[in-house]
Each structure stands twice: as C-alpha cells, then as structure tokens.
Amino acid sequence: MTRRRTVSLAVMLAALVALAGMQAGTVLAGPATSAPKFLEWNSMVGVPQAFTGTAMPQLNIRGVIGGGVPWTLTKGKGSIRADGHLKIKVDGLVLASTLSNPATTFRATVSCLTSTGDTMNVQTGTFPATTGLASEGGGDSTIEADLAIPKPCIAPIVFVTSATGSWFAVTGN
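Because the structure is predicted, anything quoted here is derived from the model rather than measured.

How each quantity is defined
Residues numbered from 1 in each chain as written. Predicted model: local features only at pLDDT ≥ 70, side-chain atom pairs only at ≥ 80, totals over all residues. Heavy atoms only, no water. pLDDT = per-residue confidence, 0-100. Contact = heavy atoms within 4.5 Å. Disulfide = S-S within 2.5 Å. Helix = DSSP H or I, 4+ residues; strand = E, 2+ residues; numbered from the N terminus. Buried < 20%, exposed > 50% of the residue type's maximum accessible area, 1.4 Å probe, protein only. Phe/Tyr/Trp six-rings, centres within 6.5 Å; stacked < 30°, edge-to-face > 60°.

Points about the confidence of the model for the chain
Moving on, step 1. The predicted model of the chain averages 84 in pLDDT, with 78% of residues at 70 or higher.
Moving on, step 2. Here residues 5-32 is modelled with pLDDT under 50, and outside its nearest four sequence neighbours on either side it reaches 0 contacts, counting other chains as well.

Okay, here's the thing in structure tokens:
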C-alpha cells in the first residue's frame, strides 16, 4: 500500500509540475488574442476635384486638406484596434488624370473627435509606395503603425496622405 501511495503521489506531483509549466508558458508568451478592432473598412475613396488644394479650405475634412489634384484607387481596406494598432492596404492609389503614382511614400492620418468635442489628428511615419501606372502595380502600399489615439476615439476617419499630410484617399465609399 505504501508503494501505491508513493506512485500516486509522484504522478500527482508530475501533473502539477506540468500544469505549472504550461501556466508559466502562457504568462511568458503574453495574451493569445490582440486588442479588438474598433474600426474596420473595406473601401476608400480618392480625393475628388472639389476637395483638392487650399482654394476651398471649408472643404477640408477635420483640418486635413485634399491633395492638389484628384486621386483614385483600385482598392483600400484596413482596421484600427482599440490599442491604436493601424493597418491599411491600398492598391492602385494614383493620380486620376494619368492613372500613375509619382509619390514614393504615403502616410496615414487617423482623425478622432475627443470626449470634449475637439478634433485630434494622429499621423504615422512614411511608408514605401510603388510608383508608376496602377496597371503595372503603381500606387500600392501597406501602412502599419501603432498610434496613440484618444480614448474614446469618436467618429474616426482614416486618411492615406502624402508625406506632407494632404489626403489622397479616405475611408468611405
């Protein structure tokens, strides 16, 4: 009977050690899931003629001015997580007149209304963009960044912009 208790005790001890090891591995690896998305979109629109340049400042969107000429895009999608992680994928973001992209970089701006009603615009750094005709892969870019967005971020709008901050595409349809 003593031998049976020793074996049972050894098996229980081994199970506890294994369970503790699994628990420690989970803690060291961090959470298995990421922060939830609070905005996800599958369409964007290029800047139309009416929103270009500074001639009509009342047509800027939350202080973000449209690019100097109209832009169009094949596809734009992305998401923002509650922790501020932003990911955008644009395809064929090009000048509407030539269907070509001359810009080597894009960046993004996330615009939020704060709980006090103020507008807060947060920009990413620049990200590479392919140049050339959309039909040959021009205007493609992936933007991924962690941003310090206000909490709460009310009525978010996401822009793909030039390096200087003029928008070429915006969430919407």
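Observations concerning the state of the cysteines
Moving on, step 1. Evaluated as defined, the whole model comprises 1 disulfide.
Moving on, step 2. Covalently, Cys 112 is tied to Cys 153 through a disulfide, its sulfur atoms 1.9 Å apart. Across the S-S bond of Cys 112 and Cys 153 the torsion is about -85 degrees, and the bridge reads as left-handed. Within this pair, whereas Cys 112 is found in strand E8 (residues 105-113), its partner Cys 153 is found in the loop between strand E12 (141-146) and strand E13 (154-161), the two being separated by 41 residues in sequence. Cys 153 shares its class with Cys 112; the two are buried.

A few points about the packing of aromatic side chains
Moving on, step 1. This model, assessed by the stated rule, comprises 4 aromatic pairs.
Moving on, step 2. A ring pair is formed by Trp 71 and Phe 168, whose centres lie 3.7 Å apart and whose planes are at 15 degrees; its orientation type is stacked. Placement of Trp 71 in strand E3 (residues 71-72) and of Phe 168 in strand E14 (residues 167-171) is noted, with a sequence separation of 97 residues between them. We note that Trp 71, like Phe 168, is buried.
Moving on, step 3. On the basis of an interplanar angle of 55 degrees and a centroid distance of 6.0 Å, the ring pair of Phe 159 and Trp 167 is categorised as tilted. Note on accessibility: Phe 159 and Trp 167 belong to one class, buried.

With respect to the environment of Gly 67
Moving on, step 1. As for its position among the elements, Gly 67 is in the loop between strand E2 (44-46) and E3.
Moving on, step 2. Through-space distance from the C-alpha of Gly 67 to that of Gly 53 is 5.7 Å; in sequence the pair is 14 residues apart.
Moving on, step 3. With near-sequence residues (within four places) excluded, Gly 67 lies in contact with Val 47, Thr 52, Gly 53, Ser 166, Trp 167 and Phe 168.

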